[in-house]
Amino acid sequence: MLTLNNMTDGRSIFMIGGGEQKQCRPFGWKRAEGLGRLEDLMRINALMWECDGPFDFEGNHTKLQKAWLGRARQHRPQIWALGGGPKLMEVAAKYADGFATMAPFVFESPQVCAQHITEMKAQIAGHGRDPEQFEFGIFAATLLHEDPAVIDRALDNPLFRWMAATMGRINMNDWDRVDIEPPMPRDWTYATKLMPTHMSRAEIDDVVSRGTREMSEQTWFTGTAADVAAQLAPYIDAGVTWINIIDALPMVSPLEEAHLGLSRQIEVCRLLKKH
């Protein structure tokens with residue numbers, strides 16, 4: 001992180017979450033330790049920059065003895081918490097430089113986004129920190145195209161129906177806000193439960209069948225670059241300071257057309273910068 005931050009004159013942002021079961025369990029990591037390890041990392045990062053000499057640290061899972069960066073400290077890395085849930089957001093409010101999550105997977109509307117930002121700013125202030133120095137970001141899940149028929153076909157694609165069922169709402173109970181019965185058990189989240197390599201084809205097909213067209217429509221911001229920019233602009237008004245456009249359409253586009261997705265994403269960014 002220090003190397004990348006020095007190369008960019010301090011402009012790098014590092015986003016770290018609590019871990020996903022499918023990324024942890026196969027490699028011997030305990031996903032249940034994720035949030036505790038995230039808190040350790042946040043606290044250690046602060047100490048690395050605040051301490052003028054070697055320091056000791058004993059956290060949830062990490063123990064350091066006489067640790068120090070010495071004169072390697074040119075630019076302090078920005079570390080944001082990535083994900084969702086009350087515990088992660090509390091860790092972010094205490095120690096992080098920012099918080100980022102998915103929209104509409106977590107922040108399904110500007111109103112929900114504004115509510116969470118207001119609550120987090122109160123938490124940040126409660127920890128004696130300046131909430132105006134804290135950043136809020138979203139990864140915006142989009143299907144960008146000028147032809148409505150292309151988007152229409154994509155919304156019925158099995159890949160996007162799978163994504164709608166497993167992560168269209170990270171918290172399954174959030175489907176209630178749009179009057180849709182959750183496709184998975186209400187205590188199920190993809191981060192803690194999903195293990196694709198352990199699933200049979202029949203199990204995968206069953207999940208795809210649960211992802212209805214209505215869910216798929218609620219999972220993505222869709223339309224032209226101008227359409228999507230108009231859908232995302234209210235998030236800026238709600239307090240979002242950073243937006244990353246994720247256009248999933250190239251995953252199901254013909255190879256000769258897939259590269260056009262990048263120009264559409266850049267156009268969304270251009271329009272949002274004018275907002």
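The sections below set out a description of the structure shown in this document. Nothing here was measured: the structure is a model prediction, and the numbers come from that model.

Section: the pattern of salt bridges
Line of reasoning, step 1. Evaluated as defined, the whole model comprises 15 salt bridges.
Line of reasoning, step 2. The partner of Asp152 in a salt bridge is Arg213, with the nearest N and O atoms 2.6 Å apart. With Asp152 in helix H6 (residues 148-155) and Arg213 in helix H10 (residues 213-219), this pair connects stretches of sequence that are 61 residues apart.
Line of reasoning, step 3. For Arg213, a relative accessible area of 26% corresponds to the partly exposed category.
Line of reasoning, step 4. Residue Arg213 is joined to Glu217 by a salt bridge in which the shortest nitrogen-to-oxygen separation is 2.9 Å. On the criterion of helical spacing, the pair formed by Arg213 and Glu217 is a turn pair, its members being four residues apart in helix H10.
Line of reasoning, step 5. Among the residues examined, Glu217 registers a relative accessible area of 42% and is labelled partly exposed.
Line of reasoning, step 6. Through salt bridges with shared partners, a single ionic network connects Asp152, Asp156, Arg213 and Glu217.

Some thoughts on the packing of aromatic side chains
Line of reasoning, step 1. Enumeration according to the criterion identifies seven aromatic pairs in this entry.
Line of reasoning, step 2. Here the aromatic rings of Trp80 and Trp242 are separated by 5.7 Å at their centres, their planes lie at 70°, and the arrangement is edge-to-face. Here Trp80 is found in strand E4 (residues 78-82), whereas its partner Trp242 is found in strand E8 (residues 242-247), with 162 residues between them in sequence.
Line of reasoning, step 3. Assessed through its relative accessible area of 22%, Trp242 is described here as partly exposed.
Line of reasoning, step 4. Taken together, the ring pairs in this structure connect Trp80, Phe139 and Trp242 into an aromatic cluster.
Line of reasoning, step 5. In this structure, Arg169 is placed above the aromatic ring of Trp175, and the distance from its NZ or CZ to the ring centre is 4.8 Å.

What to know about the packing of helix H3 (residues 34-50) against helix H4 (residues 86-95)
Line of reasoning, step 1. Contact geometry of H3 with H4 gives a least axis separation of 10 Å together with a crossing angle of 5°. Between H3 and H4, the interaxial angle falls into the category roughly parallel. Residues Leu35, Leu38, Glu39, Met42 and Arg43 of H3 form the contact with H4, whose participating residues are Lys87, Leu88, Val91 and Tyr95.
Line of reasoning, step 2. In the contact of H3 with H4, the residues fall into six nonpolar, no polar and three charged.

Section: the nonpolar core
Line of reasoning, step 1. Ranked by size, the top nonpolar core spans 36 residues in total, and within it Phe99, Phe107, Phe134, Leu232, Tyr235 and Val268 carry the most contacts.
Line of reasoning, step 2. Contributions of two or more residues to this core are made by H3, E4, H4, strand E5 (98-103), helix H5 (110-126), strand E6 (135-144), helix H11 (225-237) and helix H13 (260-273).
Line of reasoning, step 3. Counting residues in hydrophobic clusters, the runner-up holds 27 residues, among them Ala141, Trp162, Trp175 and Trp188.

What to know about the pairing of E6
Line of reasoning, step 1. Of all 10 residues making up E6, nine are buried, and the element is well covered by its neighbours.
Line of reasoning, step 2. Sheet analysis places E5 next to E6, joined by six bridges and oriented parallel. From the neighbouring strand, Gly98 faces E6, where its bridge partner is Glu135.
Line of reasoning, step 3. Note that the unit made of E5, H5 and E6 has a crossover that is right-handed.
Line of reasoning, step 4. Alignment of E6 against E8, held across six bridges, turns out to be parallel. Considered in E8, the bridge of Ile138 is made with Ile243.
Line of reasoning, step 5. Where E6 lies against strand E7 (residues 221-223), three bridges are found, and the strand directions are parallel. Note on E7: the bridge partner recorded for Thr142 is Phe221.

What counts and how
- Residues numbered from 1 in each chain as written.
- Predicted model: local features only at pLDDT ≥ 70, side-chain atom pairs only at ≥ 80, totals over all residues.
- Heavy atoms only, no water.
- Salt bridge = Lys/Arg side-chain N within 4 Å of Asp/Glu carboxyl O.
- Helix = DSSP H or I, 4+ residues; strand = E, 2+ residues; numbered from the N terminus.
- Buried < 20%, exposed > 50% of the residue type's maximum accessible area, 1.4 Å probe, protein only.
- Phe/Tyr/Trp six-rings, centres within 6.5 Å; stacked < 30°, edge-to-face > 60°.
- Lys NZ or Arg CZ within 6 Å of the ring centre and 35° of its normal.
- Axes fitted to C-alpha atoms, helices over the stretch in contact; angles between N-to-C directions.
- Parallel < 35°, antiparallel > 145°, perpendicular 65-115°, else oblique.
- Contact = heavy atoms within 4.5 Å.
- Nonpolar A, V, L, I, M, F, W, Y, C, P; charged D, E, K, R; others polar.
- Core = buried A, V, L, I, M, F, W, Y, C linked by side-chain atoms within 4.5 Å.
- Pairing = 2+ DSSP bridges.
- Right-handed = clockwise from strand over helix to strand, strands pointing away.

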